Amino acid sequence: MIRFRQKQRSFTFERGFRLERGLALAFAIAASTAGLTAASAQTIPTIRVGWTVPAEDAKYWMMKRPQEFPNLGKKYNVEWVQFQGTAQMVQAMAAGALDCSTQGVLSLAQGAASAGLQTYIVAQHVGEKAPESFSVYWAVKDDSPIKSVKDFKGKTIGLNVLGTGIWGPLAIALKKNGIDPDKDVKLVEAAFPTQEDAIRTGRLDVGVLNQPFAARAEAKGGLRKVFAISEEIPDIVHILEACSKTFVDKNPELAALYVQDLTAGMGKALANRDETLKIVTEIFKAPVAVFDPFYFKTRASSDAPLGSADFARDPGAAANYDGIQKMFKLYYDVGMLPKQLDVKDFKHAKIFAPLKP
Amino acid sequence: MVLRRFLPALPPLLAFAGILAIWELLSLYFGLDGLPPPSVALRQVPVILTDPQSLFDIVDSLRRMAIGIVLALVFAIPVGLWMGRSRFAAAFFNPLLSVIYPVPKAALMPIIMLWLGVGDASKILVIFLGVTLPLIYHSYQGSRAVEEKLLWSAAAMGMQPPARLARIVLPAALPEILVGCRTALVLGLITMVTSEMIARQTGIGNLVFQSLEMGIYDTVYAMIVIIGALGFILDVLFERLRGWLVGWAEPAQSIIVGST
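Residues numbered from 1 in each chain as written. Chains lettered and ligands numbered in written order. Predicted model: local features only at pLDDT ≥ 70, side-chain atom pairs only at ≥ 80, totals over all residues. Heavy atoms only, no water.

Okay, the overall build of chain B next. Tallying secondary structure elements over chain B gives 12 helices and 2 strands in all. Secondary structure of chain B in N-to-C order comes out as α-α-α-α-α-α-α-α-α-α-β-α-α-β. Burial analysis of chain B (260 residues in total) assigns 45% to the buried set. The contacts in chain B between residues at least 6 apart in sequence include a share of 71% that link residues at least 24 apart. As displayed, chain B has an accessible area near 13,400 Å², and 73% of this comes from carbon and sulfur atoms. (Helix = DSSP H or I, 4+ residues; strand = E, 2+ residues; numbered from the N terminus. Buried < 20%, exposed > 50% of the residue type's maximum accessible area, 1.4 Å probe, protein only. Contact = heavy atoms within 4.5 Å. Areas by Shrake-Rupley, 256 points an atom, 1.4 Å probe, with all protein chains shown as cover.)

In this section: the overall build of chain A. When you go through chain A residue by residue, the secondary structure sums to 11 helices and 11 strands. The proportion of buried residues among the 357 residues of chain A is 54%. Here the contacts in chain A between residues at least 6 apart in sequence split such that 76% fall between residues at least 24 apart. Accessible area for chain A stands at about 16,000 Å²; split by element, carbon and sulfur atoms hold 53% of it.

Looking now at the UniProt feature "transmembrane region" (unreviewed entry) in chain B. All names here are of chain B. UniProt records the feature "transmembrane region" (unreviewed entry) at residues 12-32, 65-84, 96-118, 124-140, 177-199 and 219-238, using the numbering of this structure. Counting secondary structure, residues 12-32 comes out at 90% helix and 0% strand; the distance between its end C-alpha atoms is 28 Å. Taken end to end, residues 177-199 comprises 78% helix and 4% strand; its first and last C-alpha atoms sit 33 Å apart. (UniProt positions renumbered as here; feature names shortened; annotations may be inferred.)

Before going further, it helps to examine the pattern of salt bridges. Under the defined criterion, the tally for this structure stands at 29 salt bridges over all chains. Where Glu 241 of chain A meets Lys 59 of chain A, a salt bridge forms, and the shortest distance between an N and an O atom there is 2.7 Å. Of this pair, Glu 241 of chain A sits in strand S11 (residues 237-244) while Lys 59 of chain A is found in helix H2 (residues 57-64), placing the two residues 182 residues apart along the sequence. Linking Glu 239 of chain B and Arg 182 of chain B is a salt bridge whose minimum nitrogen-to-oxygen distance equals 3.6 Å. Taken together, the residues span a long stretch of sequence, with Glu 239 of chain B in helix H12 (residues 217-246) and Arg 182 of chain B in helix H10 (residues 161-194) at a distance of 57 residues. Arg 182 of chain B sits in the partly exposed class, given a relative accessible area of 32%. (Salt bridge = Lys/Arg side-chain N within 4 Å of Asp/Glu carboxyl O.)

So, about the sheet that holds strand S6 (residues 137-141) of chain A. Strand pairing in a sheet is mediated by backbone hydrogen bonds. Such pairs are either parallel or antiparallel. Residues and elements named next belong to chain A. Taking strand neighbours across the sheet as the criterion, the 3 strands line up as S9-S6-S10 in an open arrangement whose pairing is antiparallel. The two strands at the open ends of the sheet, each matched to only one other strand, are strand S9 (207-209) and strand S10 (223-228). Averaged over neighbouring strand pairs, the angle between their axes works out to 45 degrees when direction is ignored. (Pairing = 2+ DSSP bridges. Axes fitted to C-alpha atoms, helices over the stretch in contact; angles between N-to-C directions.)

So, about the pairing of strand S3 (residues 77-83) of chain A. A regular strand places its side chains so that they alternate between the two faces of the sheet. Counting buried positions over the 7 residues of S3 of chain A gives 5, a clear majority of the element. Strand direction decides the pairing type here: strand S2 (residues 46-51) of chain A and S3 of chain A, joined by 6 bridges, are parallel. Looking at the pairing, Arg 48 of chain A lines up with Glu 79 of chain A of S3 of chain A. Pairing geometry for S3 of chain A and strand S1 (residues 199-200) of chain B, over 2 bridges, is antiparallel. Its bridge partner lying in S1 of chain B, Phe 83 of chain A is registered against Ala 199 of chain B.

Spatial strand order, S5(A)-S11(A)-S4(A)-S2(A)-S3(A)-S1(B): 6 strands in an open sheet with mixed pairing. Two strands in the sheet have a free side with no partner beyond their single neighbour: strand S5 (119-127) of chain A together with S1 of chain B. Bridge analysis of S5 of chain A against S11 of chain A gives 7 bridges, and the strand direction is antiparallel. Of the residues in S11 of chain A, the one forming a bridge with Tyr 120 of chain A is Cys 243 of chain A. Helix-sheet contacts for helix H3 (residues 86-94) of chain A involve S2, S3, strand S4 (100-104), S5 and S11 of chain A, and the interaxial angle to S4 of chain A is about 140 degrees.

Applying the stated criterion across every chain yields a total of 17 aromatic pairs over all chains. Taken together through their ring pairs, the aromatic side chains of Trp 51, Tyr 60, Phe 284, Phe 291, Phe 294, Tyr 295 and Phe 296 of chain A make up a single cluster. (Phe/Tyr/Trp six-rings, centres within 6.5 Å; stacked < 30°, edge-to-face > 60°.)

Turning our eyes to something else, we now look at the state of the cysteines. Linking two cysteines covalently through their sulfur atoms gives a disulfide. Residue and element names in this part refer to chain A. Taken as a whole and judged by the stated rule, the model has 1 disulfide over all chains. A sulfur-sulfur separation of 2.1 Å characterises the disulfide bridge that pairs Cys 100 with Cys 243. Taking the torsion about the S-S bond as the criterion, the Cys 100 to Cys 243 disulfide, at about 105 degrees, is right-handed. Here the residue Cys 100 occupies a position in strand S4, and Cys 243 occupies one in strand S11, the gap between them amounting to 143 residues. In terms of burial, Cys 100 and Cys 243 fall into one category: buried. (Disulfide = S-S within 2.5 Å.)

What follows deals with helix H6 (residues 87-100) of chain B. Residue and element names in this part refer to chain B. An ideal rise of 1.5 Å per residue puts 20 Å on 14 residues; H6 measures up with 20 Å between its terminal C-alpha atoms. At Phe 93, H6 shows its largest kink, close to 30 degrees, and the proline Pro 95 lies no more than four residues downstream. Considered for burial, the residues of H6 that qualify are Ala 89, Ala 90, Phe 93 and Leu 97. Where the residues of H6 are buried, they touch helix H5 (52-85) and helix H8 (120-144). (Expected span 1.5 Å × (residues − 1). Bend = angle between axes of the 7 residues up to and from the residue.)

Another point: the domain arrangement of chain A. All names here are of chain A. The domains assigned to chain A are domain 1 (46-131 + 236-346) and domain 2 (137-231). Placing the centre of domain 1 and that of domain 2 at their C-alpha centroids yields a distance of 25 Å. Taken together, the 19 residues of domain 1 in the interface contact 21 residues of domain 2. Taken together, the two surfaces of domain 1 and domain 2 that pack against each other cover about 1,400 Å², and 73% of this comes from carbon and sulfur. Where domain 1 meets domain 2, there are 0 salt bridges. Where domain 1 touches domain 2, the interface holds 4 residue pairs in polar contact (both at pLDDT 80 or more). Examining the composition of the side of domain 1 that touches domain 2, we find that 3 residues originate from one element, helix H11 (residues 321-333), more than from any other. (Domains from an automatic or database assignment. Buried area = accessible area lost by both parts, 1.4 Å probe. Polar contact = N/O pair within 3.5 Å; in protein donor to acceptor, adjacent residues only side chain to side chain.)

A low pLDDT means the predicted coordinates there should not be read in detail. Residue and element names in this part refer to chain A. Counting all residues, the mean pLDDT for chain A is 88, and 88% of those residues have values of 70 or more. In this model, residues 1-17 is a region of pLDDT below 50 whose contacts with residues beyond four sequence positions or in other chains number 37 contacts. Under a pLDDT of 50 for its full length, residues 33-41 has, in the predicted model, 8 contacts with residues more than four places off or in other chains. (pLDDT = per-residue confidence, 0-100.)

Moving on, we get to the packing of helix H4 (residues 105-115) of chain A against H11 of chain A. What describes two packed helices is the angle between their axes and the distance between those same axes. Residues and elements named next belong to chain A. As a packed pair, H4 and H11 sit with axes 10 Å apart at the nearest point and diverge in direction by 65 degrees. As the angle between them shows, H4 and H11 are arranged roughly perpendicular. In this structure, the crossing between H4 and H11 has a hand that is right-handed. For the pair formed by H4 and H11, the contact residues are Val 105, Leu 106 and Ala 109 on the first element and Ile 324, Met 327, Phe 328 and Tyr 331 on the second. Taken together, the residues that form the contact of H4 with H11 break down as 7 nonpolar, no polar and no charged. (Parallel < 35°, antiparallel > 145°, perpendicular 65-115°, else oblique. Left-handed = near helix turned anticlockwise from the far one by under 90°. Nonpolar A, V, L, I, M, F, W, Y, C, P; charged D, E, K, R; others polar.)

Here you go:
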């Protein structure tokens, strides 16, 4: 036999005083936390900059070693905001929430073609330079029957983001091999870090590898490259720096200072690999062993594994405008852009890297 | 005697050990980089908690969460109490809340970002939206359940309606409101992390999503453990506060086995 015994208590007016004390405490906490958010008065202009990971070494230097840049913090400040990806930065720039940001060629072009985003390309972070640099590639298990792109028909193919810029070169390669990219393959979206596991467990027949995951996968073994995007489009541009036209046209001197520092930042990064590795590990909170095998390295020969090398960087952070124009055309040809774009519309007369004081 | 003292702690400890054992076995079975064993992941917990930048990130997220919850309390409790005492208010707000409730608040982040920018304000608004509805609902239920006799007595003594709401309805509804607060605390923690997914400068999301993007899974799992522990600690602290504020309303139950 179980019996519940319950003590009846009730509300009284006197108990309300304890509540009032509690509320007073809560408001005191709220007031103090709200006070912490009040921004301190700034006397120098601030540029709102979006960034993401990885491979934006010039910005990482500016973030983590601002004392190395004479203008940064003295003539202007940067409000750094990290984004999940370039597509979100297009939205933020279109909304006027950012002045400059990292962009992929496709995201920038789609922003311009579809959302009317007006930008200047002011610098380039990384691209590819065949044959010495890394090239994003699709890989399979060593024992897979897939030997070339023509074997992709009917297979499950991994992409980091559906509609991503690296899809363009593969779409062209599929078409050249008589495969309809829209009907003959199954595309599965999976973030870069998960692609290797997805290939090894058979959830993907073919997965796409980027750095540092390619280096990690190659060190472990058991995977084989099938198609690198450099085989279809050599010297592709991966990520660049774009600033809104409104911002640059209204603040040309300020924009120039920022581009000068991007130029200097790229130079410092390439000149001091050890310090860059330290900065990168600070930013990513990852051990140096993740980056050391490939960072800033080139392939020893054209037979060397792609994962032994890094993307290509221009010492002055110069954008490859011709390469960008080719990519605009490619994306238009495969139906990823609604209209043709001219890279001249994305280039300011004076403000572009390399820019020196 | 000693055994009886520690007996209540045994089930949660067993549950925790069970989860760790299952996690370890799954990790061994699948052998995936994306599922490191707890013996590896948990080693990152002290590393994160002794890193000043990581601690700053955690505190900054909690600061935004605190602001979001306090703003929600200021807005939701009066609205809920009013709904409980006014048919018009209930009829006005109920359909709105039914529509808004199922919308995933973190999914609004890109839109909110367009209105408020990418700074703290947009993240605090997402937290505010995430925690407001349970607070309104529980305040509403608490307010509805207030004994009419208390209100009649106060009215008879000359207390005006706003004073009755503040000095009678609010304290009497407090036990129910605090149930809503407990739910809000958990939802606040969830929306705090998800609000930092798309755009961030600092915060717990910074640690989680950065590690995820770089495939540093031991840190990802360590952060999940830390977030879980934060939730547990906040809940324990809140229960203490709740006991202090509304201990009078707790039904002190005892179970007597074998008696007639």
